[in-house]
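Structural description and commentary
Single-letter residue listing:
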Amino acid sequence: MRKSFKIAIAAGATVAILGPLGYFWQQSLVPSTYDMASMGYPDYGGGQQAGHAHATGGLDVAALKGPSTGDPDVAVTLTARAEKGKYTLNGATPGPEIRAVKGQLVQVTLVNDNIQDGITLHWHGVDVPNAEDGVAGVTQDAVRPGQSYVYRFVVQDAGTYWYHSHQVSHEQVRLGLFGALVVAEPVFSEGIDQVVQVHTYDGRRTINGAVGESALAAHAGQVVRARVINTDAGPLRAWVSGAPYRVSAIDGRPVSSPTDISDKYVTVTAGGRVDLTFTMPASGAARVDVGTGVALVAGGLAAGPEPPGVVDLLSYGTPAPLGFDPAKATRNFDYRIGRRAGFLDGKPGLWWSINGHLFPDVPMFMVSTGDIVRMTIANSSGEVHPMHLHGHHAVVLSRNGVAATGSPWWFDSLDVGDGETYEIAFVADNPGIWVDHCHNLKHAADGLLAHVAYTNVSTPFRIGGSVGNQPE
Ligand code: C2O
Ligand code: CU
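In short, a report on the structure. It should be emphasised that the depicted structure is a prediction, and the values quoted were computed from it without experimental measurement.

For the structure on display, the rule yields ten aromatic pairs. For the pair Trp 162 and Phe 178, a centre-to-centre distance of 6.2 Å together with 80° between the ring planes defines the contact as edge-to-face. With Trp 162 in strand S10 (residues 159–164) and Phe 178 in strand S11 (residues 178–184), this residue pair connects regions lying 16 residues apart in the sequence. As far as the burial class goes, Trp 162 and Phe 178 line up, both buried. A centroid spacing of 6.2 Å and a plane angle of 50° characterise the contact between Phe 324 and Trp 410, whose relative ring orientation is tilted. Of this pair, Phe 324 sits in the loop between strand S24 (309–310) and strand S25 (331–344) while Trp 410 sits in strand S32 (residues 410–411), and the two are 86 residues apart along the sequence. Here Phe 324 matches Trp 410 in class, with each residue buried.

Moving on: the nonpolar core. Judged by nonpolar contacts, the single largest core of 86 residues is most densely connected at Val 228, Tyr 245, Val 247, Leu 276, Phe 278 and Tyr 335. The element best represented in this core is strand S36 (residues 449–454), accounting for five residues. Taken domain by domain, the makeup of this core includes at least three residues from each of domain 2 (33–61 + 321–464) and domain 4 (192–310). Core analysis: the second largest hydrophobic core is formed by 27 residues, Leu 89, Ile 98, Leu 121 and Leu 177 among them.

With that settled, consider the environment of His 390. By the element assignment, His 390 lies in the loop between strand S29 (385–389) and strand S30 (394–399). Taking the relative accessible area as the measure of exposure, His 390 reaches 0% and is therefore buried. Sequence separation of His 390 and Leu 29 is 361 residues, and the distance between their C-alpha atoms is 26 Å. Every residue in contact with His 390, bar those within four places of it in the chain, is listed here: His 122, Asp 133, Val 135, His 166, Trp 434, Val 435 and His 437.

Each value, and the rule that gives it
Throughout, residues of each chain are indexed from 1 in the direction in which the sequence is written. Chains and ligands are labelled sequentially in the order written, the chains with letters from A and the ligands with numbers from 1. Whole-chain, interface and lining totals are the exception, using all residues; otherwise, since this is a predicted model, local features are given only for residues with pLDDT of at least 70 and side-chain atom pairs are given and counted only at 80 or more. Heavy atoms throughout the structure, all of them, feed into the side-chain values; hydrogens and water do not. Under the pairing criterion, centres of Phe, Tyr and Trp rings, with the six-membered ring standing for Trp, must be within 6.5 Å; the plane angle then separates stacked pairs below 30 degrees from edge-to-face pairs above 60, leaving the rest tilted. Helix and strand definitions here come from DSSP, where helices need a minimum of 4 consecutive H or I residues and strands a minimum of 2 consecutive E residues; each element is numbered from the N-terminal end. Exposed residues in this analysis have more than 50% of their type's maximum accessible area, buried residues have under 20%, and partly exposed residues fall in between, with area computed by a 1.4 Å probe over protein chains only. We call a set of buried residues a nonpolar core when its members are Ala, Val, Leu, Ile, Met, Phe, Trp, Tyr or Cys and they connect through side-chain atoms within 4.5 Å of each other. Note that the domain bounds were set by an automatic or database domain assignment. Whether two residues are in contact is decided by their heavy atoms, any of which lying within 4.5 Å being enough.

Below, the structure is given as structure tokens:
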């Protein structure tokens, strides 16, 4: 072969490879500012397309606020500060525990002292009106240093929740911008109500900010409700020793007729919560463990081995009415998580994919108010993903084709393991634009994020732009 001919072939091959590569690279670039609700492609899930006003008219996210008048029942000011490699709220991390009673109006004034990237607060698991949801660039602008922002919402459902920043969240949550939010039932309870907020700072797992074992102030005969909150990026094992326990709530929703557990741990999804209840034994010795050596301990009970089995929430508890019929679904969506080579905002790599697409070219799951929505979440990506839909609680219908047989398993955060398929359902009853993402927040920042959008809702906020909105 003549040399010039070889060169010509090589050059041709280079163009053949680099040409499309250049095209895909260019296509993957995210503009410096954009409307989250006009990225990707609409997926109507076989339902109505009418009323699509994503870009024009309809409801404005900014108008979907909580009550603007009325004295709050609970009023808190939280001042965020960057100090010594940590982020604090009112000088501490975790931030203050916020407690309210079901039905109360909560008002939180967020003040940004000096966090340069800006901040927000998201009320994880509380199904607030969209404008109170705290997602920078989708439901509000990031709060810049020196600025403040007021959130007001009524807490409709008792349960265990938490709050955290949703601006550059993969960094800000890890560094401490979060806290617990407990909504109590309006009835007086004589038991011990204890938040067990788990977070790993610099590789060290803590409960309510403390490493190792801390005291649980409970004595014989008292009923304890341990509200375990997983603020980390991966699944957490939690269990009680010294007494049988029950999983009495998951993600702020009660479990129907929970039964006693004694030789199993429960897995808490990243972002998720479980309430473990038990009666203190006559010995006065019991403990709540959230991993080896990290526990709340009453009566000096020594650590035992991790229980050998896991509670399967698919069959735990007793069935109860859902309040809607998933067989009457008006939308059916797939959220198939994979991993493939490509460009994410111009960066080559192996990235998370949604239905084969890379962010931002991902589906927008379009719904209308009143829809019954079914979604199949499947994962073949090689890692577990704790999937979190904002603004709604969904119920698990099946896992790997096996129907749920226990208590309705309501959740807002669900671990979908590699090779697993979950069928879930929810009612579209909270208009807005809601992110639906992995709560391993680095994964979300790496593109494992889509949104559920109501057909008649648009947002005036933009990702990027002069305020630098960057929700993940
Ligand atoms: Cu707890 Cu979108 O997050
Ligand atoms: Cu993930």
